[in-house]
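# Report on the structure
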Amino acid sequence: MTIKYIFLVSRQAKIRLVKWYAALDLKDKNKTMKEVSQLVLARKPKQCNFIEHRDTKVVYRKYASLYFVAGIDLDDNELLMLEIIHRYVEILDRFFGNVCELDLIFQFQKAYFILDEMVMAGELQESSKKTILKVLSQQDETEATENSERGWGDINLEGVARTAMLTVQEFKQSFTK
């Protein structure tokens, strides 16, 4: 099976994740994403999850508010692609603990990492949830170790926001004096 692209699109037609495995220029990629998104979003829930678009078979599946969309060759097995999409969602769900759209927006690097562990160069590389989650755990441990060695620790978002607000207020005060 040769996967040409995988992308996630919300019900509002916002692209949340995109991974291309076929070489196309940016204009063609954007046109394809727009056309395929419109086709998928216009379909009724009871309709088939496969569409032919140009020289590609589009396979999609809706989970909550997101559509997981993949483009494969016309002669590839669409049921296998549906299973790959489902496996990806299962791993996201296990990693994030009931994954939602916001998890994918704010921690997109993890979503890409999981996808990269599963699929490489348009081919399925790893299908074991256990193996992928183990690698993710190892990556998180390595990242935490490197951050603590650098003295970064956990980022305190409230403190960062408070500091930013104080800086803005000081900046405004410097102009009123």
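Per an unreviewed UniProt entry, the recorded name for the protein is AP complex subunit sigma, and the organism is Coemansia reversa.

### Observations regarding the overall build of the protein
In terms of helices and strands, the protein carries six helices and seven strands. Residues classed as buried in the protein amount to 33% of the 177 residues present. Counted over contacts in the protein with a minimum sequence separation of 6, partners at least 24 positions apart contribute 49%. Accessible surface, the protein as shown: approximately 11,400 Å² in total, 54% of it carbon and sulfur.

### Notes on the pairing of strand S1 (residues 3-10)
Counting buried residues along S1, eight of its eight residues qualify, which places the element largely inside the surrounding structure. Both S1 and strand S2 (residues 15-20) contribute to a ladder of five bridges, which runs antiparallel. Along S2, the bridge assignment pairs Phe 7 with Val 18. Between S1 and S2, which pair antiparallel and follow one another directly, the connecting turn spans four residues, one of which, Ala 13, has a positive phi of 65°.

### Re the packing of helix H2 (residues 78-96) against helix H5 (residues 129-150)
Two elements in contact, H2 and H5, have axes separated by 10 Å at closest approach and are oriented at 40°. The angle between H2 and H5 falls in the class oblique. Crossing handedness for the pair H2 and H5: right-handed. Between H2 and H5, the contacting residues are Arg 87, Glu 90, Ile 91, Arg 94 and Phe 95 on the first element and Lys 129, Ile 132, Leu 133, Leu 136 and Asp 140 on the second.

### Looking at the sheet that holds strand S4 (residues 56-63)
The five strands are arranged S2-S1-S5-S4-S3 in an open sheet whose pairing can be described as antiparallel. Taken across any chain shown, the strands that pair with only one partner, and hence form the sheet edges, are S2 and strand S3 (50-53). Shown here is a sheet whose adjacent strand axes are inclined to one another by a mean of 20°, direction ignored. Note that S3 and S4 share four bridges and pair antiparallel. When the sheet's bridge partners are listed, Glu 52 is paired in S4 with Lys 57. Against the sheet, helix H4 (residues 108-118) touches S1 and S2, its axis set at about 30° to S2.

### Description of the environment of Asp 140
With respect to the element layout, Asp 140 can be found in helix H5. Considering only alpha carbons, one finds Asp 140 and Lys 110, 30 residues apart in sequence, at a separation of 9.7 Å. Residue contacts for Asp 140: discarding those within four places in its chain leaves Phe 95 and Lys 110.

### Topic: helix H1 (residues 26-42)
Relative to the 24 Å expected for 17 residues at 1.5 Å per residue, H1 spans 24 Å between its end C-alpha atoms, a close match to the ideal helical length. Turning to H1, its buried residues are Thr 32, Met 33, Val 36, Ser 37 and Val 40. Buried residues in H1, looked at end-on, bunch into an arc of 125°, giving them a common side. Turned more than 90 degrees away from the buried face of H1 sit Lys 27, Lys 34 and Ala 42, all of them exposed. Contacts made by the buried residues of H1 are with S1, S2, S3, S4 and strand S5 (66-73).

Rules of the game
Counting restarts for each chain: residues are numbered from 1 in the order of the written sequence. At least 70 in pLDDT is required for a residue's local features to be given in this predicted model, at least 80 for side-chain atom pairs to be given and counted, and no such filter applies to totals for whole chains, interfaces and linings, which use all residues. Note: side-chain values were computed over all heavy atoms of the structure, leaving out hydrogens and water. Starting at the N terminus, helices and strands are each numbered in turn, a helix being any DSSP run of H or I of at least four residues and a strand any DSSP run of E of at least two. Only protein chains enter the area calculation, which uses a 1.4 Å probe; residues under 20% of their type maximum are buried, those over 50% are exposed, and those in between are partly exposed. Whether two residues are in contact is decided by their heavy atoms, any of which lying within 4.5 Å being enough. Surface accessibility in these figures is a Shrake-Rupley result with a 1.4 Å probe; residues are shielded only by whichever protein chains are displayed. Whether two strands pair comes down to DSSP finding at least two bridges between them. Fitting a line to C-alpha atoms yields each axis, with helices limited to the stretch in contact; the angle taken between N-to-C directions then spans 0 to 180 degrees. The cut-offs work like this: below 35 degrees is roughly parallel, past 145 is roughly antiparallel, 65 to 115 is roughly perpendicular, and the gaps in between are oblique. Crossings are assigned a handedness: left-handed for a near helix turned anticlockwise from the far helix by less than a right angle, right-handed for a clockwise turn. In this scheme, a helix's expected span is set at 1.5 Å multiplied by one less than its residue total. Starting at the helix axis, one direction is taken to each C-beta atom, and the arc is that of these directions.

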